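If you want the building blocks of each chain, they are given just below.
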Amino acid sequence: MAKMWAGVTSGETAKIADDFNSSISFDSKMYKQDIAGSMAHAAMLGSKGIIEGWEADYLIDGLHTILEDLETGKLEVDPSCEDIHMFVEQVLTERIGDVGKKLHTARSRNDQVALDLRLYLREQIDEITEKLKKLTLIVCEKAESYKDAIMPGYTHLQRAQPVTFGHHLMAYAMMFLRDVDRLSDCRRRMNLSPIGSCALAGTTYDTDRKLEAERLGFDGICMNSMDGVSDRDFALELSGVLSILMMHLSRFSEEVVLWSSWEFKFVELSDAFTTGSSIMPQKKNPDMAELVRGKTGRVYGDMIGLFTVLKGLPLAYNKDMQEDKEGIFDSCETVKNCLDVFSGMIETMTARTDNMMKAAQNGFINATDLADYMVKKGEAFRNAYKISGQIVAECMEKGLVLETYPLEEYKKHSNLFEEDVYEAVDLKACAEKRISEGGTSVQSVEKQIAYVKEQLK
Ligand code: ARG
């Protein structure tokens with residue numbers, strides 16, 4: 001078929017070059033945005049008298065029918081078209097005749113594709129944000145149910161100090177809250193309209209870029225036409241934001257994998273979100289968590305891919321930029337899928353608080369509290385730390401824990417020890433005493449939950 005852009009070239013490209021050049025297999029995802037952009041453009045052309053009012057109406061009506069027919073499946077995207085922009089314009093001209101050829105006045109595919117991508121990703125941000133908020137609320141609910149469940153908190157994956165499971169979960173809620181904030185920040189910078197930048201230099205027509213931007217829900221316009229067509233920062237930023245979000249999901253996944261192992265057995269995943277083994281009947285595998293962890297790699301890869309495409313491109317548009325879409329589209333789909341599955345997995349996950357408590361009892365995670373006990377009775381921390389360490393070593397030797405170490409033995413190390421030492425090393429009390437802002441006590445966890453819920457409103 002003759003190319004719409006056949007000018008100085010014959011437009012008779014080799015089939016292999018056509019296929020290589022084509023982006024319709026992936027940019028057809030943006031048909032809605034492309035049509036919305038064209039409607040706004042036609043309206044602007046009409047209102048500025050660049051085309052007749054009736055012509056604008058004709059174009060808009062034609063675009064409406066295309067949109068409708070694509071939605072209902074009456075019209076299918078023609079894979080032999082170069083891209084979605086060409087496809088829509090071609091169908092429009094077939095349907096309404098020569099007026100269709102006026103749509104591309106004062107516009108280029110360069111600003112058109114920049115517009116479509118911003119519109120598309122803006123919608124993706126909204127969808128992702130909604131899913132992320134839902135997950136964050138689920139995490140808050142879980143934290144509420146387990147706000148007083150004692151477990152060992154770890155550093156270096158060594159048992160460190162008692163925390164509550166609710167507190168541990170709320171750490172992830174805080175990460176997700178930052179992700180929500182980053183998404184909205186990214187959206188704000190993305191929400192400027194490039195349309196009207198035209199090929200690169202602007203146009204000689206008396207257009208109204210602001211009017212067009214307003215119709216499309218933008219907060220303003222890109223102020224330099226060369227930047228307008230060649231900027232993809234918004235996609236890079238989103239890639240970065242999604243990578244950080246995936247990193248959070250991946251860390252959470254890693255913990256879910258550990259916790260659901262027989263070595264820990266801190267949590268039980270529901271059958272709905274685990275798989276069996278084809279050979280080992282006893283297996284219950286945390287595939288969902290593993291896949292989320294694994295898919296993090298793709299999202300990072302998409303980000304690096306996009307950075308690499310843009311690096312070294314001279315201004316303004318270069319065809320390299322067609323490579324900006326598949327990666328970021330893939331990232332958006334991946335993140336949405338991961339959020340849905342992860343939400344279901346966490347919502348149906350139950351904690352084995354008995355095992356958490358058992359693990360907490362055997363790691364001397366109250367040794368800091370023992371030192372603090374002496375400090376509160378007048379000992380210097382460094383000395384108290386040393387004494388506490390000696391007692392732990394003795395306990396280990398004798399197969400005891402701080403809760404069962406006899407008082408007369410305690411007294412041999414310091415005369416500060418009295419009967420109340422057992423209250424000081426009680427694990428529940430140890431967690432409960434951590435009332436500092438952001439600490440692990442029930443009261444503090446409740447505060448965190450209220451804070452996150454408030455922020456999500
Ligand atoms: N399919 C192209 C892309 O995705 C559209 C822009 C084409 N512009 C051009 N001058 N060839 O980037």
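Residues numbered from 1 in each chain as written. Predicted model: local features only at pLDDT ≥ 70, side-chain atom pairs only at ≥ 80, totals over all residues. Heavy atoms only, no water.

A. Quick peek at the packing of helix α7 (residues 165–190) against helix α19 (residues 442–456). Where α7 contacts α19, the axes come no closer than 10 Å and their chain directions differ by 20 degrees. For the element pair α7 / α19, the angle class is roughly parallel. Along this stretch, α7 crosses α19, giving a crossing that reads as left-handed. In contact with G166, H167, M170, A173, M174, L177 and V180 of α7, α19 contributes V445, Q448, I449, Y451, V452, Q455 and L456. Classifying every residue of the contact of α7 with α19 gives 10 nonpolar, four polar and no charged. (Axes fitted to C-alpha atoms, helices over the stretch in contact; angles between N-to-C directions. Helix = DSSP H or I, 4+ residues; strand = E, 2+ residues; numbered from the N terminus. Parallel < 35°, antiparallel > 145°, perpendicular 65-115°, else oblique. Left-handed = near helix turned anticlockwise from the far one by under 90°. Contact = heavy atoms within 4.5 Å. Nonpolar A, V, L, I, M, F, W, Y, C, P; charged D, E, K, R; others polar.)

B. The pattern of salt bridges, seen in detail. Tallied over the full model, the rule gives 37 salt bridges. The partner of E268 in a salt bridge is K284, with the nearest N and O atoms 3.2 Å apart. Within this pair, whereas E268 is found in strand β5 (residues 267–268), its partner K284 is found in the loop between β5 and α11 (287–310), the two being separated by 16 residues in sequence. Relative accessible area serves as the criterion here: at 24%, E268 is assigned to the partly exposed category. For K284, a relative accessible area of 34% puts it in the partly exposed group. As a salt-bridge pair, K377 and D420 come within 3.3 Å of each other at their nearest N and O atoms. (Salt bridge = Lys/Arg side-chain N within 4 Å of Asp/Glu carboxyl O. Buried < 20%, exposed > 50% of the residue type's maximum accessible area, 1.4 Å probe, protein only.)

C. Structural context of the site of the ligand. Residues in contact with the ligand, as listed here, are S23, D27, D83, H85, R109, N110, V113, Y317, Q322 and K325. At 3.1 Å, a side-chain N or O of S23 approaches a nitrogen atom of the ligand. Within the side chain of Q322, an N or O atom sits 2.8 Å from a nitrogen atom of the ligand. Within the complex, the protein chains bury 86% of what would otherwise be the 340 Å² of accessible surface of the ligand. Per element, the largest residue contribution to the shell around the ligand is three residues, and it comes from helix α6 (residues 109–145). Its residues assigned to classes, the shell around the ligand shows two nonpolar, four polar and four charged. (Near = heavy atom within 4 Å. Polar contact = N/O pair within 3.5 Å; in protein donor to acceptor, adjacent residues only side chain to side chain. Areas by Shrake-Rupley, 256 points an atom, 1.4 Å probe, with all protein chains shown as cover.)

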